[in-house]
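# Residue-level structural notes
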Amino acid sequence: MNIILLGPPGAGKGTQAHRLVAEQGMVQLSTGDMLRAARTSGTEMGKQVAAVMDRGELVTDEIVIGLIAEQLDSDASSGFIFDGFPRTLTQADALGALLESKGQTLEAVVEMQVDDEALVERITGRFTCGACGTGYHDSFKKPDVEGKCDNCGAEGTFKRRPDDNEDALRTRLFAYYKDTSPLIGYYYAKDKLKRIDGLGEIEEVAGQINTALDL
Ligand code: AMP
């Protein structure tokens, strides 16, 4: 089952994708994670996108479509979770064509709805473990032992994203409403859209997603 998690920055797409990977054995394809990895490893493309990402703008369709195309042959018998992709209508068309060329289908698009006010609070307090990627939050999800990851036990590896500040967040929200939100109508018309309330606790949201996907 291939699905898209759609929603504004801070809606909880990454958190729910990690859970689906752990519980269902699905494969997460996050273009944001791929771009950050390209930056960390210092590739030409990574250098090219760094400033754009830090400002909170979208990188070109060509780059992200290329990243996804490279991954679609990965072994994913339980399906792919597209997280943060597609973000434009061009990307959505390209994904449809890529899946079709592999004889695959898109099962559902889960739209995670979150109030704009809540996004600022969620994003400005979040951090992750640099070793395993588990997400935390200053107010909502602190690690059991300060400075130590609950999941993998790594210490001193917590990091914050450079674009998780209020200025970049405004730009990311603007990009979401301008370029990404048309995908809601696009997938509604294709009868793929499942809307869920992303505001609740992680477990509540998980339950809604499972119900929407018949898991
Ligand atoms: P994310 O981790 O999904 O919030 O993505 C972080 C940043 O990477 C975004 O603000 C964009 O600059 C870039 N990015 C990630 N995915 C895409 C995409 N599908 N299209 C364009 N830019 C993207």
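Let us look at the structure shown here. Each chain has its residues counted from 1, following the order in which its sequence is written. Given that the model is predicted, a residue must reach a pLDDT of at least 70 before its local features are reported, and side-chain atom pairs must reach 80 or more before they are shown or counted; all residues, however, enter totals for whole chains, interfaces and linings. Computation of side-chain values: all heavy atoms of the structure, hydrogens and water removed.

### Quick notes on the overall build of the chain
Worth spelling out the cut-off: Counting from the N terminus, the helices are the DSSP runs of H or I reaching at least four residues and the strands are the DSSP runs of E reaching at least two. Using C-alpha atoms as the atom set, the radius of gyration is obtained and then compared with a globule rule of 2.2 Å times the number of residues to the power 0.38. Only the protein chains shown count as covering a residue, and every accessible area follows the Shrake-Rupley method with a 1.4 Å probe.
The helix and strand inventory of the chain stands at 9 helices and 8 strands. Over its C-alpha trace the chain gives a radius of gyration of 17 Å, about what one expects of a compact globule, namely 17 Å for 215 residues. With the principal axes as the frame, the chain shows a C-alpha extent of 45 × 40 × 35 Å. If you sum the accessible surface of the chain, you get close to 11000 Å²; carbon and sulfur atoms cover 47% of it.

### Overview of the side chain of D83
Under the convention used in this document: Using a 1.4 Å probe on the protein chains alone, a residue whose accessible area is under 20% of its type maximum counts as buried, one over 50% counts as exposed, and one in between counts as partly exposed. Charge counting treats Lys and Arg as positive and Asp and Glu as negative, with His and both chain ends excluded. The salt bridge definition used is simple: a Lys or Arg side-chain nitrogen within 4 Å of an Asp or Glu carboxyl oxygen. The contact definition used throughout considers only heavy atoms, calling two residues in contact when any of these lie within 4.5 Å.
The residue D83 is located in strand β3 (residues 80–83) in this model. Although buried, D83 forms no salt bridge, and the nearest oppositely charged side chain, K13, lies 5.2 Å from it. Sequence-distant contacts of D83, that is, excluding residues within four places in its chain, are made with L5, K13, G14, A17, Q28, L29, S30 and T31.

### Points about the nonpolar core
Keep this limit in mind: Nonpolar cores are built from buried Ala, Val, Leu, Ile, Met, Phe, Trp, Tyr and Cys residues. Side-chain atoms within 4.5 Å join them into one set.
If you look at the biggest cluster of nonpolar residues, it comprises 31 residues, and the most contacted ones within it are I4, L35, I68, L72, F82 and Y187. Dropping the residues within four chain positions of it, F82 is found in contact with N2, I3, I4, L5, L29, I68, L72, L95 and L99.

### Comments concerning the sheet that holds strand β1 (residues 3–6)
Just so we agree on the cut-off: Whether two strands pair comes down to DSSP finding at least two bridges between them. A fitted line through C-alpha atoms serves as each axis, taken over the contacting stretch for helices, and the angle formed by two N-to-C directions is quoted from 0 to 180°.
The strand order β2-β3-β1-β4-β8 describes an open sheet built from 5 strands, whose pairing is parallel. Bordering the open sheet on either side are β2 (27–30) and β8 (193–197), each of which pairs with just one other strand. On average, each strand axis in the sheet is tilted by 25 degrees relative to the strand beside it, whichever way the strands run. Strand direction decides the pairing type here: β2 and β3, joined by 4 bridges, are parallel. What sits directly across from V27, in β3, is F80. Each of β1, β2, β3 and β4 (108–113) touches helix α1 (residues 13–24); the most contacted strand, β3, lies at about 170 degrees to it. Helix α9 (residues 202–212) rests against β4 and β8 of the sheet, and its axis sits at about 160 degrees to β8.

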